[in-house]
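# Observations on chain architecture
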Amino acid sequence: MVNDYRNTKFCMKLVDVSRKKEQLDESIYNEHPRTKITYNQIRKDDNYRKEFMKIYNFKCSYCGNSVENISVNLLEVDHFVCESSFSSKEDAGKITNLVLACYDCNRSKKDLKIAEKYLKTLHPDLEAIKAVFYRDQKYYICIAENYRSDCFIIEFYEQLKLGYQTRRLDYLLLNMHGLSKRITNQDKVDRLNTLIVMLQRKRNLSNIKSEVN
């Protein structure tokens, strides 16, 4: 089984994402039968938005960053295939085309058009994406060997800035948060939490510099 580059050993695995999204979709239409665009309902209703985030374990489906590191308000509902690729907003806004993304990934991805042959390869809900990217020993997200000469995979990787230092720091922080919950010695927990705060500051500074550049 291929490891999921978005998860640390402390993270919960995604389970039955498609089925859970179908159930949420049914709930929305049962309560709002006139709904035409599921995307709008999830965005404007806090309860639906929370249920949608819960499906993804409150983690970005592209890079794996989570509410352990960022505010819940920085997790957004993203159109996997951008709206401009559809003939109507109703089709673009169907729940099957919606995924959870952090602010950084969503804003970086923008209106990147996903080529049809890559719809299943790169869709965050499916298994295939786990074989496209991996974490190296230093926690960087890397492109798997089989895809390193694939121009579109490279474009996707670079557009979402998956190789950035901040992605590495986010993953390291997730590991540290997970470890702090396993440690029983309070002194060690306090020291680890101090390091987490220091690293979080470094992460935020790195993000600011990347935006300036």
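Presented here is an overview of the structure given in this document. (Residues numbered from 1 in each chain as written. Predicted model: local features only at pLDDT ≥ 70, side-chain atom pairs only at ≥ 80, totals over all residues. Heavy atoms only, no water.)

The next thing to look at is the packing of aromatic side chains. One pass over the structure, following the stated rule, counts 7 aromatic pairs. Pairing Phe133 with Phe156 gives two aromatic rings, centres 6.2 Å apart and planes at 20°, and the pair type is stacked. One end of the pair, Phe133, is in strand β3 (residues 133–135); the other, Phe156, is in helix α7 (residues 151–159), and 23 residues separate them in sequence. Phe156 sits in the buried class, given a relative accessible area of 1%. Members of the aromatic cluster, connected to one another through ring pairs, are Tyr5, Tyr62, Phe133, Phe156 and Tyr157. (Phe/Tyr/Trp six-rings, centres within 6.5 Å; stacked < 30°, edge-to-face > 60°. Helix = DSSP H or I, 4+ residues; strand = E, 2+ residues; numbered from the N terminus. Buried < 20%, exposed > 50% of the residue type's maximum accessible area, 1.4 Å probe, protein only.)

On to empty space enclosed by the protein, then. Tallied over the entire structure, the rule returns 1 cavity of 30 Å³ or more. Taken as a whole, the largest cavity holds about 60 Å³ of empty space. Asp4, Arg6, Asn7, Leu14, Tyr56, Lys59, Cys60 and Ser61 are the residues that line the largest cavity. Taken together, the residues of the lining of the largest cavity break down into 3 nonpolar, 2 polar and 3 charged. (1 Å grid on protein atoms, 1.4 Å probe; cavity = no way out; pocket = protein on both sides within 12 Å on 5 of 7 lines; lining within 4 Å. Points joined across faces, edges and corners; volume = space filled by probe spheres on them. Nonpolar A, V, L, I, M, F, W, Y, C, P; charged D, E, K, R; others polar.)

This part is about the pairing of strand β2 (residues 98–102). For β2, the buried fraction is high: 5 of the 5 residues fall into the buried class. Burial along β2 is two-sided: the residues Leu98, Leu100 and Cys102 and Val99 and Ala101 are all buried. Sheet analysis places strand β1 (residues 75–79) next to β2, joined by 5 bridges and oriented antiparallel. Residue pairing across strands places Glu76 opposite Ala101, the latter belonging to β2. (Pairing = 2+ DSSP bridges.)

Time to look at the nonpolar core. Core analysis: the biggest nonpolar cluster contains 42 residues, and Ile42, Phe52, Tyr62, Leu122, Phe133, Phe156 and Leu162 have the highest contact counts within it. The set of elements that each furnish at least two residues to this core consists of α1 (17–31), α2 (38–44), α3 (46–55), β1, β2, β4 (141–143) and α7. When residues of this core are assigned to their parent elements, the largest contribution, 5 residues, is made by β2. Apart from residues lying up to four places away in sequence, Tyr62 is in contact with Tyr5, Arg6, Asp78, Phe80, Val99, Ala101, Cys105, Lys109, Pro124, Phe156, Leu160 and Leu162. Core analysis: the second largest hydrophobic core is formed by 6 residues, Leu169, Leu173, Leu192 and Ile196 among them. (Core = buried A, V, L, I, M, F, W, Y, C linked by side-chain atoms within 4.5 Å. Contact = heavy atoms within 4.5 Å.)

Summed over the entire model, instances satisfying the criterion amount to 11 salt bridges. Salt-bridge contacts for Lys181 lead to Glu68; the nearest nitrogen and oxygen are separated by 2.4 Å. Linking Lys181 in helix α8 (residues 165–182) with Glu68 in the loop between α3 and β1, this pair joins segments that are 113 residues apart in sequence. Taking the shortest distance from any N to any O, the salt bridge between Glu76 and Arg107 comes out at 2.6 Å. One end of the pair, Glu76, is in strand β1; the other, Arg107, is in helix α5 (residues 103–109), and 31 residues separate them in sequence. For Glu76, a relative accessible area of 15% corresponds to the buried category. Using a relative accessible area of 40% as the deciding quantity, one classes Arg107 as partly exposed. One connected set of salt bridges, linked through shared partners, spans Asp104, Asp170 and Arg203. (Salt bridge = Lys/Arg side-chain N within 4 Å of Asp/Glu carboxyl O.)

Three or more residues of α7 are buried, namely Phe152, Ile153, Phe156 and Tyr157. Summarising the axial view, the buried residues of α7 lie within an arc of 140°, below the 170-degree limit, and thus occupy one face. Residues Cys151 and Glu158 are exposed on α7 and point more than 90 degrees away from its buried face. For α7, the secondary structure elements touched by its buried residues are α6 (119–122), β3 and β4. Between a side-chain oxygen at the N-terminus of α7 and the backbone nitrogen of Phe152 the separation is 3.0 Å; the capping residue is Asp150. (Arc of directions from axis to C-beta. Polar contact = N/O pair within 3.5 Å; in protein donor to acceptor, adjacent residues only side chain to side chain.)

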